[in-house]
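Structural overview for review
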Amino acid sequence: MSFFKANSFADVLKHVFIILVVFFMLLGFFFFVYLPNTTNHGETISVPKITGMTLPEIEEYLDDQNLRYYVSDSSYNPGIKPFVILTQDPAPGSKVKENRKIYISVNMKNPPIIKMPKLIDGSLKNAQMILKSYDLMVGEITYVPDLAQNAVLKQLVKGKEIKPGDPVAKGSVVDLVVGDGEGNTEFDVPNVVGMPVDEASVLLVGQGLQLGSINYVQEAGKPNGSVVRQRPVAGGGAKIKVGQLVDIWVNGPEPVKGLEE
């Protein structure tokens, strides 16, 4: 015996109508009663600001807010306390559902270890840029006699020389030993007085010295184009270092630019 006995077409329509009413009642109950109660539909939480707080502080704080956190990144800044929250996502004030994860980055307690870059033989300016890019700090810069002016000769951490590739903590202070461009070898000042200016120049450069200023004077009885004075003067035990300047005075009129051979 069937549950619904259709005696006429009207009865069939009545049964269909009852079925549709029951169906839509169940559908409405699912979407407007059951689903909101199980998913907190329409209920949101405003994300609090947790940057600047520490990990222990946000544990209970977020739990009270029905939120969770996940450490997605970390970095090291010596000027910030360990385990301080640096960034968060979503941002403060964002609307989220309960039990949402807040992705955070945290300041590490200990600095990460990196490989020491190669600074030796490069310029001081280049070394400073490299250290900054590696999150290392430039320490004391000591100039020593060396022909390589402003070239890095040694790199040290805590007073000990460190080789390229050696492990070093981020944020470490790196001291640099740099050449002053003069060298430390002393020898007698060469005497170029009486020499033609071109020969004097060749002699000075050949001994690792630099020709400084050339001054022209008029002195009777001296050959034109010859050196009549120099500074520093030669003799008397005067010493000079490689790379230093020697100024000379040449007899005769100053050559006109553009007419020199």
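Residue positions within a chain follow its written sequence, with the count starting from 1. Note on the predicted model: pLDDT of at least 70 is required for a residue's local features to be given, and 80 or more for side-chain atom pairs to be given and counted; whole-chain, interface and lining totals, by contrast, use all residues. As a rule here, side-chain values come from all non-hydrogen atoms in the structure, and water together with hydrogens is ignored.

Here we look at helix α3 (residues 124-133)
Side chains of residues three or four places apart in an α-helix project in the same direction, reflecting 3.6 residues per turn. Within the span of α3, buried status applies to Leu124, Ala127 and Leu131. For α3, the angular spread of the buried residues around the axis is 55°, confining them to a single face. In α3, the exposed positions angled more than 90 degrees off the buried face are occupied by Lys125, Met129, Lys132 and Ser133. Any two residues whose heavy atoms approach within 4.5 Å at even a single point are treated as in contact. Numbering of helices and strands starts at the N terminus; helices are DSSP runs of H or I of at least 4 residues and strands are runs of E of at least 2. Lining the buried residues of α3 we find β7 (137-144), β8 (152-157) and β11 (173-179). Of the residues trailing α3, Asp135 is marked for its positive phi of about 60°. Burial classification: accessible surface area is computed with a 1.4 Å probe over protein chains only, and a residue below 20% of its type maximum counts as buried, one above 50% as exposed, and the rest as partly exposed. The arc in question is traced by the directions running from the helix axis to the C-beta atoms.

Structural notes on the packing of aromatic side chains
Note on aromatic contacts: the rings of Phe and Tyr and the six-membered ring of Trp form a pair at centre separations within 6.5 Å, being stacked when their planes are under 30 degrees apart, edge-to-face when over 60 apart, and tilted otherwise. On inspection of all chains with the given rule, the structure shows 1 aromatic pair. When the centroid spacing of 5.8 Å and the interplanar angle of 75° are considered together, the rings of Tyr70 and Tyr103 count as edge-to-face. Here Tyr103 lies in strand β5 (residues 101-107) and Tyr70 lies in strand β2 (residues 68-75), a separation of 33 residues in the sequence. A relative accessible area of 34% places Tyr103 in the partly exposed class.

What to know about the pairing of β8
Strand pairing follows a simple DSSP-based rule, namely that at least 2 bridges must link the two strands. Pairing of β8 with β11, which is carried by 5 bridges, proceeds in the antiparallel orientation. Within the sheet, the bridge partner assigned to Leu156 lies in β11 and is Asp175. The loop that links β8 with its antiparallel partner strand β9 (residues 160-161) comprises 2 residues; one of these, Lys158, has a positive phi angle of about 55°.

Here's the deal with the nonpolar core
Joining through side-chain atoms within 4.5 Å is the link that ties buried Ala, Val, Leu, Ile, Met, Phe, Trp, Tyr and Cys residues into a set, and such a set is a nonpolar core. Met116, Leu119, Leu131, Leu136, Val168, Val174 and Leu176 are the most contacted members of the largest nonpolar core, which has 14 residues in total. Those elements giving two or more residues to this core turn out to be α3, β8 and β11. Sequence-distant contacts of Met116, defined by excluding residues within four places in its chain, comprise Leu131, Leu136, Gln155, Ile162, Lys163, Pro164, Gly165, Asp166, Val168 and Val174.

Observations regarding the sheet that holds strand β16 (residues 245-251)
Taken together, 3 strands build an open sheet; the order of strands is β13-β16-β14 and the sheet is mixed. Edge positions in the sheet fall to β13 (210-217) and β14 (227-231), since each has one partner strand and no second. The average angle at which neighbouring strand axes cross in this sheet is 25°, direction not considered. By the bridge criterion, 4 bridges tie β14 to β16 in an arrangement that is antiparallel. Within β16, the residue paired with Gln230 across the bridge is Ile248. Angular values range over 0 to 180 degrees, each being the angle between N-to-C directions of two axes fitted as lines to C-alpha atoms, with helices fitted over their stretch in contact. Helix α4 (residues 197-206) rests against β13, β14 and β16 of the sheet, and its axis sits at about 170° to β16.

Concerning the UniProt feature "domain: PASTA" (unreviewed entry) in the chain
UniProt positions are given in the numbering used here, feature names are shortened, and annotations may be inferred rather than shown by experiment. When the UniProt feature table is mapped onto this chain, "domain: PASTA" (unreviewed entry) is found at residues 42-108, 110-180 and 183-252. Regarding residues 110-180, the helix share stands at 14% and the strand share at 41%, and the terminal C-alpha atoms are separated by 37 Å.

Looking at the sheet that holds β8
Across the sheet, 4 strands lie side by side as β7-β11-β8-β9; this open sheet has mixed pairing. Taken across any chain shown, the strands that pair with only one partner, and hence form the sheet edges, are β7 and β9. For β7 and β11, the ladder comprises 6 bridges, and the chain directions are parallel. Of the residues in β11, the one forming a bridge with Val144 is Gly179. Packing of α3 onto the sheet brings it into contact with β7, β8 and β11, and relative to β7 it is tilted by some 160°.

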